[in-house]
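Next come the chains, spelled out residue by residue.
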Amino acid sequence: MESKKSSLASSTPNISPSAQGLTQFQGFWIPTLIAPISSIISFQKYFQALDEDIIVASKPKAGTTWLKALVFTIVNRHSYKLSNTPLNSANPHQLISHFEIKFYKENLNPDLSKIPSPRLFSTHLPYPMLADSIKRSNCRIVYITRNPFDIVVSSWHFIKGVHNLPDWPLEDCFEMFCRGEESYGPFWEHALGYWNMSMEKPSNILFMRYEELKEDPVAQTKRLAEFLGFPFSIEEEKTGVVNQIIDFCSFNHLKELEVNKTGKMPRSIIPSNKLFFRSGKVGDYINYLSPTAVELLSNVLKEKLSESSLTF
Ligand code: A3P
């Protein structure tokens, strides 16, 4: 794995943030090819939250696809059996779409009032950039985060695939991440916003971690269902419903569905759904980042989060 590891000593020229469409807006780096500033402004201006709304929030590569599959399945489990759930033929991102990547990108003031309750939405935007109506309402936000080392490596693979940059050096991606110049970054600011709000409003914001979901999927899935207002009954627990949902939403199962192997979302710049499913492991970064790189990013995080109870 020697050649894969980042030594932080690349001689290959960097790809600037602007070449990836990254633009600094309201204090965060926005991938404007995917999420135009105009759609963010419209979302902030026009979106009217309802108390029953459920919003999946995350930074890219933190486990969004997985969390969307779980949320969709939990909320809709009385309407669809696993054998006929729309997840069998649609990627999770099509069933829970992003405000800034879909709804307000396709239409600057879409009519979202006809969507049946509870409306399921998602966003990669940081908490401070959410529409005020969300902050004022009683809606529920589930945030997922992940150790930043795995996020860097996952992002690197993903960006190379999306922007067709096979030669983009990992060192470049890593250094940008450490400077906070990455999709919806800085990472620490993004996580902190939701972390702080989850402390302040625990019944409105649930803070989840990819690693905890991997470690104890049963406990975390029950916690998620409870928070969403769709708790599992004793009968459901006894008959194995929780485990059936976990198995259905697992990496190995979703990855093998035809829609995720060969499908592509309409009008999306993501060339193939399969880019959302790479290795699905915790700690894969060890095969890519040198101990020096790991120490460097650890130190950045320690400094940036020094006044917070949030740790990675
Ligand atoms: P890796 O690149 O480390 O494999 P996001 O959905 O936020 O874009 O995150 C993508 C990451 O989650 C990728 O990580 C992907 O493989 C992983 N992933 C996708 N579906 C998953 C699932 N059902 N269970 C666990 N991990 C999953």
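Residues numbered from 1 in each chain as written. Predicted model: local features only at pLDDT ≥ 70, side-chain atom pairs only at ≥ 80, totals over all residues. Heavy atoms only, no water.

The name an unreviewed UniProt entry assigns to the protein is Sulfotransferase, from the organism Gossypium mustelinum. As recorded by UniProt, the Sequence similarities (unreviewed entry) comment attached to the protein reads in full: "Belongs to the sulfotransferase 1 family." (UniProt positions renumbered as here; feature names shortened; annotations may be inferred.)

**Some details on the overall build of the protein**
The helix and strand tally for the protein stands at 15 helices and six strands. Over its C-alpha atoms the protein spans a radius of gyration of 19 Å, differing by no more than 12% from the 20 Å that the globule rule assigns to 312 residues. Relative to its 312 residues, the protein shows a buried fraction of 55%. Nonlocal contacts in the protein, meaning residues at least 24 apart in sequence, comprise 75% of its contacts between residues at least 6 apart. Accessible area for the protein stands at about 14,100 Å²; split by element, carbon and sulfur atoms hold 52% of it. The positive charge centre, built from 33 side chains, and the negative charge centre, built from 32, are 5 Å apart in the protein. (Helix = DSSP H or I, 4+ residues; strand = E, 2+ residues; numbered from the N terminus. Rg over C-alpha atoms; globule rule 2.2 N^0.38 Å. Buried < 20%, exposed > 50% of the residue type's maximum accessible area, 1.4 Å probe, protein only. Contact = heavy atoms within 4.5 Å. Areas by Shrake-Rupley, 256 points an atom, 1.4 Å probe, with all protein chains shown as cover. Lys, Arg positive; Asp, Glu negative; His and termini not counted. Charge placed at Lys NZ, Arg CZ, Asp CG, Glu CD.)

**Quick look at the packing of aromatic side chains**
How two aromatic rings sit relative to each other is given by the distance of their centres and the angle of their planes. One pass over the full model with this rule turns up 20 aromatic pairs. Ring centres of Phe103 and Phe121 lie 5.4 Å apart, and the angle between their planes is 80 degrees; on these two criteria the pair is classed as edge-to-face. Residue Phe103 is found in helix α4 (residues 99-106), and its partner Phe121 is found in strand β4 (residues 120-123); the two are separated by 18 residues along the sequence. The class for Phe121 is buried, based on a relative accessible area of 0%. For the ring pair Phe251 and Phe277, a centre distance of 6.3 Å and an interplane angle of 50 degrees mean the geometry is tilted. With a gap of 26 residues between them, Phe251 in helix α13 (residues 251-256) and Phe277 in the loop between α14 (258-262) and α15 (291-304) connect regions that are remote in the sequence. (Phe/Tyr/Trp six-rings, centres within 6.5 Å; stacked < 30°, edge-to-face > 60°.)

**Regarding the packing of helix α10 (residues 217-228) against helix α12 (residues 241-248)**
For the pair α10 and α12, interaxial distance at closest approach is 10 Å and the crossing angle is 100 degrees. The orientation of α10 with respect to α12, classified from their angle, is roughly perpendicular. Contact residues: Pro217, Val218, Thr221 and Lys222 in α10; Val242, Asn243 and Ile246 in α12. In terms of residue class, the contact of α10 with α12 is built from four nonpolar, two polar and one charged. (Axes fitted to C-alpha atoms, helices over the stretch in contact; angles between N-to-C directions. Parallel < 35°, antiparallel > 145°, perpendicular 65-115°, else oblique. Nonpolar A, V, L, I, M, F, W, Y, C, P; charged D, E, K, R; others polar.)

**Some points on the layout of surface pockets**
Its boundaries defined by the atoms lining it, the second largest pocket holds a volume of some 230 Å³. Forming the walls of the second largest pocket are 13 residues, and the residues nearest its centre are Phe72, Ile115, Pro116, Pro118 and Leu120. Class assignment of the residues belonging to the lining of the second largest pocket gives a composition of nine nonpolar, three polar and one charged. (1 Å grid on protein atoms, 1.4 Å probe; cavity = no way out; pocket = protein on both sides within 12 Å on 5 of 7 lines; lining within 4 Å. Points joined across faces, edges and corners; volume = space filled by probe spheres on them.)

**A short note on the pairing of strand β2 (residues 28-31)**
Because side chains alternate across β2, one face comprises the buried residues Phe28 and Ile30, and the other comprises Trp29 and Pro31, equally buried. Where strand β1 (residues 22-25) and β2 come together, four bridges link them in antiparallel fashion. By the bridge assignment, Gln24 is partnered in β2 with Trp29. Here β1 folds back onto β2, and the loop between the two strands holds two residues, one of which, Gln26, carries a positive phi near 50 degrees. (Pairing = 2+ DSSP bridges.)

**Quick notes on the environment of Arg77**
Position of Arg77 among the secondary structure elements: in the loop between α2 (64-75) and α3 (92-95). On the basis of relative accessibility, which here comes to 13%, the residue Arg77 falls in the buried class. Apart from residues no more than four positions distant in its own chain, Arg77 is found in contact with Phe230, Pro231, Phe232, Glu236, Val241 and Ile245. Polar side-chain contacts of Arg77 include one of 2.9 Å to the backbone oxygen of Pro231. Of note is the side chain of Arg77, whose polar atom sits 2.7 Å from the side chain of Glu236. (Polar contact = N/O pair within 3.5 Å; in protein donor to acceptor, adjacent residues only side chain to side chain.)

**Concerning the UniProt feature "domain: Sulfotransferase" (unreviewed entry) in the protein**
In the UniProt entry, the feature "domain: Sulfotransferase" (unreviewed entry) is given for residues 51-308. Within the segment residues 51-308, helix and strand shares are 48% and 8% respectively, and the terminal C-alpha atoms sit 29 Å apart.

**Describing the environment of Val71**
Counting through the fold element by element, Val71 comes out in helix α2. Separated by 23 residues in the primary sequence, Val71 and Gln48 have C-alpha atoms spaced 21 Å apart. Setting aside residues no more than four positions away along its own chain, Val71 makes contact with Ile54, Val56, Ile96, Leu120, Leu224 and Leu228.

**Regarding the sheet that holds β4**
Reading across from one edge, β4-β3-β5-β6 is the order of the four strands in this open sheet, with parallel pairing throughout. Two strands lie at the open edges of the sheet, namely β4 and β6 (205-209), each paired on one side alone. Adjacent strand axes in the sheet meet at a mean angle of 20 degrees, parallel and antiparallel pairs treated alike. Bridge analysis of strand β3 (residues 54-58) against strand β5 (residues 140-145) gives five bridges, and the strand direction is parallel. Residue pairing in the sheet places Ile55 in a bridge with Ile141 of β5. Those strands touched by α2 are β3, β4, β5 and β6, and its axis lies near 165 degrees from that of β3. Of the strands in this sheet, β3, β5 and β6 are in contact with α10, which crosses β6 at around 165 degrees.

**What about empty space enclosed by the protein?**
Any empty space left between atoms is shown by rolling a water-sized probe over those atoms. Using the criterion set out here, one finds one cavity of 30 Å³ or more in the structure. Empty space within the largest cavity amounts to approximately 50 Å³. Residues belonging to the lining of the largest cavity are distributed by class as follows: five nonpolar, two polar and two charged.

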